[in-house]
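# Descriptive analysis of the structure
One letter stands for each residue in the lines below.
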Amino acid sequence: MYKTFSSAFSYPDEHFFNLFSFTDAEKKELILEYDRLFRAKDIWLYGTEYTALNEFQRVQYLSDIMGFYKAFGLEPENDRPDSLHIELEFMHYLVFKRFHALEKDEADSNEKAFICLDAQKKFFNEHLYPAAGKIAKAIISQSKNNFYVETANDMLEFLESEEKIFGRNT
């Protein structure tokens, strides 16, 4: 699900349309809606725009997010680290990496899987969930496009189910 939502909130280019099927007219409408919603700055797809109270806090959050990425040898290309699609992609990566560790028959497999799970919980609670929920609600309230509204609703529902697993008290 993380990978699907990451792709859905990336720019609707050729790669996007290889993943999601639309008619030519729908493609044009989707590009226009993306530009209206996210490029005209009605809705920011950057988490710290919703969670940071000031510029100092924004810098702290961005630094913390980059710390998560660098701990796993990753660095976002061509976008801010708090971009919704990059944060969702990172969660997908952690899930994949955790399951890959569990499939291996190595002495430290359980430890590697635990590190990934711990990172998932922390990243989800500290960065993804607080911002993505606000972004989804903004999309739902400001868009009439079925794809974006339905995807935002689905993402919100998914994140709420993940919150039950990764919740702050677990």
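Predicted, not measured: the structure shown is a model, and the values here were computed from it. (Residues numbered from 1 in each chain as written. Predicted model: local features only at pLDDT ≥ 70, side-chain atom pairs only at ≥ 80, totals over all residues. Heavy atoms only, no water.)

### Section: a negative patch on the surface
Together, Glu150, Asp154, Glu157 and Glu160 line one region of the surface with negative charge. On the secondary structure map, Glu160 appears in helix H8 (residues 146-166). Since its relative accessible area comes to 38%, Glu160 is described here as partly exposed. (Patch = residues over 30% accessible without salt bridge, like charges linked within 9 Å, V, L, I, M, F, W, Y side chains within 5 Å. Areas by Shrake-Rupley, 256 points an atom, 1.4 Å probe, with all protein chains shown as cover. Salt bridge = Lys/Arg side-chain N within 4 Å of Asp/Glu carboxyl O. Lys, Arg positive; Asp, Glu negative; His and termini not counted. Charge placed at Lys NZ, Arg CZ, Asp CG, Glu CD. Helix = DSSP H or I, 4+ residues; strand = E, 2+ residues; numbered from the N terminus. Buried < 20%, exposed > 50% of the residue type's maximum accessible area, 1.4 Å probe, protein only.)

### Description of helix H3 (residues 24-39)
Under the 1.5 Å per step criterion, the end-to-end length of H3 is 21 Å for 16 residues, consistent within 8% with the ideal 22 Å. Those residues of H3 that are buried are in contact with helix H2 (14-19), helix H7 (109-142) and H8. The positive-phi residue at the C-terminal boundary of H3 is Lys41, with phi of around 70°. (Expected span 1.5 Å × (residues − 1). Contact = heavy atoms within 4.5 Å.)

### Brief notes about the layout of surface pockets
Rolled over the atoms, a probe with the dimensions of a water molecule shows which regions are left empty. Roughly 470 Å³ of volume is contained in the largest pocket. Lining the largest pocket are 18 residues, with Lys3, Ser6, His85, Ile86 and Glu89 sitting closest to its centre. The greatest single-element share of the lining of the largest pocket, amounting to 6 residues, is contributed by helix H6 (residues 84-103). Within the lining of the largest pocket, the residues separate by chemical class into 7 nonpolar, 6 polar and 5 charged. By volume, the second largest pocket amounts to about 220 Å³. Going through the elements one at a time, H3 and H6 are the ones with two or more residues in the lining of the second largest pocket. Considering each element in turn, the lining of the second largest pocket owes the most residues, 3 residues, to H3. Looking at side-chain class alone, the lining of the second largest pocket contains 8 nonpolar, 3 polar and 3 charged residues. (1 Å grid on protein atoms, 1.4 Å probe; cavity = no way out; pocket = protein on both sides within 12 Å on 5 of 7 lines; lining within 4 Å. Points joined across faces, edges and corners; volume = space filled by probe spheres on them. Nonpolar A, V, L, I, M, F, W, Y, C, P; charged D, E, K, R; others polar.)

### With respect to unusual backbone geometry
Residue Asn78 is not a glycine yet carries a positive backbone phi of 60°. Following the sequence through the fold, Asn78 ends up in the loop between helix H5 (55-71) and H6. Classification of Asn78 by relative accessible area gives exposed; the value is 79%.

### Thoughts on empty space enclosed by the protein
Scanning the entire structure with this criterion turns up 1 cavity of 30 Å³ or more. Size it by volume and the largest cavity reaches roughly 30 Å³. Taken together, Gly47, Thr48, Thr51, Ile65, Glu87, His127 and Ala131 make up the full set of residues lining the largest cavity. Residue composition of the lining of the largest cavity, grouped by class: 2 nonpolar, 4 polar and 1 charged.

### Here's the deal with the packing of H5 against H6
Relative placement of two packed helices is described by the angle separating their axes and the distance separating the axes. Contact geometry of H5 with H6 gives a least axis separation of 11 Å together with a crossing angle of 35°. Between H5 and H6 lies a crossing of left-handed hand. Facing H5, whose interface residues are Ile65, Phe68 and Tyr69, H6 presents Ile86, Glu87 and Phe90. Of the residues that constitute the contact of H5 with H6, the class distribution is 5 nonpolar, no polar and 1 charged. (Axes fitted to C-alpha atoms, helices over the stretch in contact; angles between N-to-C directions. Left-handed = near helix turned anticlockwise from the far one by under 90°.)

### Side note on the confidence of the model for the chain
Per-residue pLDDT for the chain averages 93, and the proportion of residues at 70 or more is 98%. The secondary-structure element of the chain with the lowest mean pLDDT is H2, recorded at 94, while H5 shows the highest, at 97. (pLDDT = per-residue confidence, 0-100.)

### Structural notes on the packing of aromatic side chains
As enumerated under the stated definition, the model contains 23 aromatic pairs in all. Ring centres of Phe16 and Phe20 lie 4.9 Å apart, and the angle between their planes is 40°; on these two criteria the pair is classed as tilted. By relative accessible area, which is 1% here, Phe16 ends up buried. Among the residues examined, Phe20 registers a relative accessible area of 17% and is labelled buried. Cluster of aromatic residues (ring-pair linked, three or more members): Phe9, Tyr11, Phe16, Phe17, Phe20, Phe22, Tyr34, Phe38, Phe147 and Tyr148. Stacked on the ring of Tyr46, the Lys or Arg Arg80 has its end atom at 4.2 Å from the ring centre. In this arrangement the basic side chain of Arg98 is found over the ring face of Phe99, its NZ or CZ atom lying 4.9 Å from the centre. (Phe/Tyr/Trp six-rings, centres within 6.5 Å; stacked < 30°, edge-to-face > 60°. Lys NZ or Arg CZ within 6 Å of the ring centre and 35° of its normal.)

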